[in-house]
Amino acid sequence: DSFHYIMKNLENLNELDEKQVEEVSRVILSGNNIFVYGVGRSGIVGRMFAMRLVQLGMKAYIIGETITPVVTKDDVVVIISGTGETQGAILVAQICRRVKARIVSVTSTKNSSIYRVGDYSIVLKTEKSSDLAPLGTLFESSCHVLFDCMIAKMMEMKGEREEDLRKRHAIWL
């Protein structure tokens with residue numbers, strides 16, 4: 001059934017290289033601004049990640065919003081694309097390359113444009129879409145879990161606790 005299929009496929013996250021995830025977390029912490037880009041549900045997962053970054057005390061923005069500042073060489077850009085071939089993501093990556101911003105790419109395959117353009121690339125190995133998990137569900141769910149793990153790692157690196165994040169949470173002031 002779909003429940004067990006999805007839960008079993010999320011176990012693929014155990015195959016991630018913890019040192020790589022820690023390195024990417026360190027890179028993100030070192031950015032002046034953190035920009036996040038994704039389309040559709042990948043974009044929604046990206047928004048959740050950006051929200052947690054802000055609660056962690058960082059300056060995070062969603063690319064495409066009208067109030068988002070210009071990306072510079074001191075910034076880190078996280079690009080999320082399951083296929084690794086989303087045209088908007090490729091365009092964002094090209095712009096980031098020109099200004100020499102560091103790019104973190106999160107995708108489902110090494111054989112993709114977004115993987116190749118990343119200074120730091122994370123591959124979330126997921127099964128293809130199916131009736132049991134349609135339209136990228138496994139990739140998007142894996143991204144969400146990965147990003148929450150990264151936030152926990154960054155909290156540890158910064159010496160932050162949940163109460164510190166709560167103080168920066170808009171609805172809990």
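Predicted model, so just to flag it, every value in this text is computed and none were measured. (Residues numbered from 1 in each chain as written. Predicted model: local features only at pLDDT ≥ 70, side-chain atom pairs only at ≥ 80, totals over all residues. Heavy atoms only, no water.)

Turning to helix α4 (residues 87-99), a few remarks are in order. In this model, α4 (13 residues) spans 19 Å end to end at C-alpha, consistent with the 18 Å of a helix rising 1.5 Å per residue. Taken as a whole, α4 has its buried residues at Ala89, Ile90, Val92, Ala93 and Cys96. When α4 is viewed along its axis, its buried side chains cluster within an angular range of 160° and face the same direction. The outward face of α4, more than 90 degrees from its buried face, is lined by the exposed residues Gln87 and Arg98. Buried residues belonging to α4 abut β1 (34-38), β3 (76-81), β4 (102-107) and α5 (113-117). Phi for lysine 100, located one or two positions after α4, is positive at around 70°. (Helix = DSSP H or I, 4+ residues; strand = E, 2+ residues; numbered from the N terminus. Expected span 1.5 Å × (residues − 1). Buried < 20%, exposed > 50% of the residue type's maximum accessible area, 1.4 Å probe, protein only. Arc of directions from axis to C-beta. Contact = heavy atoms within 4.5 Å.)

What follows is about the nonpolar core. If you look at the biggest cluster of nonpolar residues, it comprises 31 residues, and the most contacted ones within it are Ile28, Phe49, Leu53, Val78, Val106 and Phe147. A per-element tally of this core places helix α6 (residues 137-158) first, with eight residues. If we skip the residues at most four places from it in the chain, valine 106 touches Ile79, Ile80, Ser81, Ile122, Leu124, Phe139, Cys143, Leu146 and Phe147. (Core = buried A, V, L, I, M, F, W, Y, C linked by side-chain atoms within 4.5 Å.)

The parallel open sheet is built from five strands, whose spatial order is β2-β1-β3-β4-β5. Either end of the sheet is taken by a strand with one partner, and the two such strands are β2 (60-62) and β5 (120-123). Direction aside, the axes of adjacent strands within the sheet are offset by 15° on average. Pairing analysis gives three bridges linking β1 to β2, with the strands arranged parallel. Along β2, the bridge assignment pairs phenylalanine 35 with tyrosine 61. Sheet strands touched by helix α2 (residues 18-30): β1, β3, β4 and β5. Its angle to β5, the strand with the most contacts, is close to 135°. (Pairing = 2+ DSSP bridges. Axes fitted to C-alpha atoms, helices over the stretch in contact; angles between N-to-C directions.)

Looking now at unusual backbone geometry. Peptide bonds are trans in most cases, and residues, glycine excluded, mostly fall at negative phi. Although it is not a glycine, lysine 100 sits at a positive phi angle of roughly 70°. In this structure, leucine 135 takes a positive phi of about 55° despite not being glycine. Secondary-structure assignment places leucine 135 in the loop between β5 and α6. Residue classification places leucine 135 among the exposed positions, given a relative accessible area of 74%.

Here we come to the packing of helix α1 (residues 2-10) against α6. Look at α1 against α6: their axes get within 10 Å of each other, and the N-to-C directions meet at 50°. Classified by the angle between their axes, α1 and α6 sit oblique to one another. In the packing of α1 onto α6, the handedness of the crossing is right-handed. Two secondary-structure elements touch here, α1 through Tyr5, Ile6, Asn9 and Leu10 and α6 through Thr137, Leu138, Ser141 and Ser142. Tallied by class, residues from the contact of α1 with α6 come to four nonpolar, four polar and no charged. (Parallel < 35°, antiparallel > 145°, perpendicular 65-115°, else oblique. Left-handed = near helix turned anticlockwise from the far one by under 90°. Nonpolar A, V, L, I, M, F, W, Y, C, P; charged D, E, K, R; others polar.)

This paragraph deals with the pattern of salt bridges. Counted according to the given criterion, the structure contains ten salt bridges. The salt bridge partner of glutamate 140 is arginine 41, with a shortest N-O separation of 2.5 Å. Residue glutamate 140 is located in helix α6, and its partner arginine 41 is located in helix α3 (residues 40-55); the two are separated by 99 residues in the primary sequence. Residue glutamate 140 is classed as buried on the basis of its relative accessible area of 10%. Salt-bridge contacts for glutamate 162 lead to arginine 166; the nearest nitrogen and oxygen are separated by 3.3 Å. Residue glutamate 162 and its partner arginine 166 are both found in helix α7 (residues 162-167); the two are separated by four residues, about one turn of the helix. Members of the salt-bridge network, linked through shared partners, are Glu22, Arg26, Lys153 and Glu156. (Salt bridge = Lys/Arg side-chain N within 4 Å of Asp/Glu carboxyl O.)

Function cannot be inferred from these measures alone, as they are strictly geometric.
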